Amino acid sequence: MKGGGITLTIAQLIKDIQHRSFTGNPSAEVCGVTRDTREVKQGSVFVCIRGAHIDGHDLAAQAVEAGAALVIAERETGSGAAELLVEDTKQALAEAACTYYGHPSRTLKVIGVTGTNGKTTISHLLKSILEMAEKKVGLIGTDAIIIGDKEIPAERTTPEANRLQEYFHTMLQEGMEYCVMEVSSHALDLKRVYGTQFALGIFTNLTHEHLDFHGTMENYAAAKAKLFSCCKVGIGNADDAYNDIVTANAQQRYTYSIEKKSDFQAEDIHLSQRGTVFRVKGKMNGEIKVGLPGRFNVYNALAAALGALQLGIGTEAVQRGLIISRGAKGRAEMLPVSAPFRVMVDYAHTPDGLYNILTTVREFAQKRVITVFGSPGDRDREKRAPMGEIVGKWSDYCVVTADNPASERAEDICKEIEKGVMQSGCDYQVIIDRKEAIYHALEIAKEGDVVLLAGKGHETYQIVGTEKVPFCEAEIVKAYVQQHLT
C-alpha cells in the first residue's frame, strides 16, 4: 500500500524542510508525498517540480482538486490549499519523503554503486555475497527493484525521491538489513537521493556518457562525487583517472585495482568463457573465482568483494557469493539456443562498455564475432561514431540498427554510427528494423561464430517516439532458432 498507512500533520512533515514561508493549517493531516498528479489522493502532499516539458506549478490547482492537502512550490500557485514556498522543490521532495517515511536510511544499511559501467553487475554480486552471509538484502537498480520475493519493474536507474524512500521503508518492514542500489549521475544532480544516508559508496569508472545532460566530463565527475559526500565509507577504482575526484569527500576511502597499487589489487588473472580466477593482495590475500567472463568483471568482483569486506562480511561468504552469482540478466548473458553458433546479449551502449564486452567475446570466440548494435536517441550524440569505430575494430562483421530511437529518426542515428564503422574498415550493413537486423545476423552466422546483440540487455521494449513497444531479443532469437534451425 503506497504510504503504508502513514499519517503526519503538516507541522510534523515540514519541520525539517528549508522554506521561505508557509500558509495554511499546520495541524491538518497529510498521507503521502508525490510530484505526479495521477498519484494524488485525499490528504496528499503535492510537490511542484519544473520538468523539461511540464511545470508542476501549473498543475497545483488540479492536484488540490484531486485532494491534495499541501502544495510545496517555488512560487505562489493560487491553488487554495496550504502552501509551503521553498527555494528548490527537488530538494524539498526528497526532504518531505525522508520525513514522511521516518528516515529509513538511518536504519537500513544502504550501499550506493555509481559509475558509467558495472553498476548493475556489482549490485547483483554484492547482493549474492550478503545473502551468503545470511543477510536479508533488497536491491534497487536498472533492471528491477527486488524486495524479498517481490520483483518490481524499474522505470529508471534510480527512482524519484518519494518512491525511493517508500522502497526503503518497505524493505525495513519486510525485515531487510541491507539495500544495494545503483545511483545514477542524473539522480545525484536532480537530488533524488538527497537526505539518504549511505553506509558505503562504490565508484566503478567514468567514461564518455550522458554529456548531453552534464555537458562536460568534469561536470559528470562532479555529479558522481555527490554520492561520496554522504558516505561513511567510499570505495573507488584506483585505475580510473577520475577516482580521486569522485571519491574525495568520503569519510574513509579505500581502493581496488588491477594496474595501480591499491588496498585490494588483483594479480595472476586467468580468464575463460566460463568465468575468471585471480588472486588478491591487500585486505584479503587469497584466490577469488567469479562465474562471469572478462577482465571488466575482475573489476566488478573486486569492487563487490572489497565492499562486502568493509561491511564486515567474512571472506568465506565473499568467495562463495562470487562463485554462485551469475550477475544481472542481460549482462554478458549467453542465450540457451540449439545452434552451431553462440548468441550473447549485453547492455553495452557506450564506447567503453562495447570495448569491454567485445574484447571479452574475442577471448573465447572460435571464429567470427558478429555484432548487432545501435545507439539510443535523445542521448549524447558525440559517442555514436566512437561506438561504431570500436565495434568495427573488434568485430568481423557488424549490423548497425535501431536501439531506442525515441524522438530521433533511427536512420539519422545510424548514419552517425556509420561514420565510425567506416573508419574501422569492418564489413557491415545498416538494417534499421532491429528484428530484421537480428535475423540477418543469425542467418549469416556459422559454426563457431558468436553473435553479440549489444545495447538492449535486460530491456524487453524499444522506445519509439514516446511509446514503449514490446521487444524482447531473447524471444526473437528463440523464435528464429525454432523456425529455422530445429
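All values reported here derive from a predicted model rather than from experimental measurement.

## Regarding the side chain of Thr204
Phase 1 of the analysis: Considering the arrangement of structural elements, one finds Thr204 in the loop between β13 (198–203) and α7 (211–214).
Phase 2 of the analysis: Thr204 gets classed as buried once you look at its relative accessible area, which sits at 3%.
Phase 3 of the analysis: Among the polar contacts listed, one links the side chain of Thr204 to the backbone oxygen of Asn117, at a separation of 2.7 Å.
Phase 4 of the analysis: When neighbours within four sequence positions are excluded, Thr204 is seen to be in contact with Val113, Thr114, Gly115, Thr116, Asn117, Gly118, Lys119, Ile122, Asn237 and Tyr256.

## Some points on the sheet that holds strand β16 (residues 264–272)
Phase 1 of the analysis: Read from one edge to the other, the open sheet built from eleven strands follows the order β11-β10-β9-β12-β8-β13-β14-β15-β16-β17-β18, with strand pairing classed as mixed. The sheet is open, and its two edges are formed by β11 (150–153) and β18 (286–290), each paired on a single side. The mean angle between the axes of side-by-side strands here comes to 20 degrees, regardless of whether they run parallel or antiparallel.
Phase 2 of the analysis: Strand direction decides the pairing type here: strand β10 (residues 144–147) and β11, joined by four bridges, are antiparallel. In the sheet register, Ala144 faces β11, and the bridge partner there is Pro153.
Phase 3 of the analysis: Sheet contacts for helix α10 (residues 296–310): β13, β14 (231–237), β15 (252–257), β16, β17 (275–282) and β18; angle to β15, the most-contacted strand, approximately 150 degrees.

## Re the pairing of strand β22 (residues 397–400)
Phase 1 of the analysis: With burial as the criterion, each face of β22 is covered, one bearing Tyr397 and Val399 and the other bearing Cys398 and Val400.
Phase 2 of the analysis: Relative to β22, strand β21 (residues 369–373) runs parallel, the two being bridged by four bridges. Across the sheet, the residue bridging to Val372 is Val399, located in β22.
Phase 3 of the analysis: Viewed along the sheet, the connection from β21 through helix α13 (residues 384–394) into β22 turns out right-handed.
Phase 4 of the analysis: Of the strand pairs in this sheet, β22 and strand β23 (residues 427–430) are connected by four bridges, and their pairing is parallel. When the bridges of β23 are listed, Val400 appears paired with Val430.
Phase 5 of the analysis: A crossover connection joins β22 to the parallel β23 through helix α14 (residues 410–424); in handedness this β-α-β unit is right-handed.

## Some words on the pairing of β13
Phase 1 of the analysis: Burial analysis of β13 places five of its six residues in the buried class, which makes it a mostly covered element.
Phase 2 of the analysis: One ladder, built from four bridges, connects strand β8 (residues 109–114) with β13; its direction is parallel. When the bridges of β13 are listed, Ile111 appears paired with Leu200.
Phase 3 of the analysis: In terms of strand pairing, β13 meets β14 through five bridges, oriented parallel. Looking across to β14, one finds that Phe203 is bridged to Gly236.

## A short note on the packing of helix α4 (residues 119–132) against α10
Phase 1 of the analysis: Remark: α4 packs on α10, axes separated minimally by 9 Å, with the N-to-C direction vectors making an angle of 45 degrees. Comparing the axis directions of α4 and α10 gives the class oblique. As for how α4 packs across α10, the hand of that crossing is right-handed. Together, Thr121, Ile122, Leu125, Leu126 and Ile129 of α4 and Asn297, Asn300, Ala301, Ala303, Ala304, Ala305, Gly307 and Ala308 of α10 make up the contact between the two elements.

## With respect to α10
Phase 1 of the analysis: Between its first and last C-alpha atoms α10 spans 22 Å; for 15 residues at 1.5 Å apiece the expected length is 21 Å, and the two agree.
Phase 2 of the analysis: Across the 15 residues of α10, 15 count as buried, placing the element largely inside the fold.

What counts, and where the lines are drawn
- Residues numbered from 1 in each chain as written.
- Predicted model: local features only at pLDDT ≥ 70, side-chain atom pairs only at ≥ 80, totals over all residues.
- Heavy atoms only, no water.
- Helix = DSSP H or I, 4+ residues; strand = E, 2+ residues; numbered from the N terminus.
- Buried < 20%, exposed > 50% of the residue type's maximum accessible area, 1.4 Å probe, protein only.
- Polar contact = N/O pair within 3.5 Å; in protein donor to acceptor, adjacent residues only side chain to side chain.
- Contact = heavy atoms within 4.5 Å.
- Pairing = 2+ DSSP bridges.
- Axes fitted to C-alpha atoms, helices over the stretch in contact; angles between N-to-C directions.
- Right-handed = clockwise from strand over helix to strand, strands pointing away.
- Parallel < 35°, antiparallel > 145°, perpendicular 65-115°, else oblique.
- Left-handed = near helix turned anticlockwise from the far one by under 90°.
- Expected span 1.5 Å × (residues − 1).

Everything listed is a geometric property; what it means functionally is a separate question.
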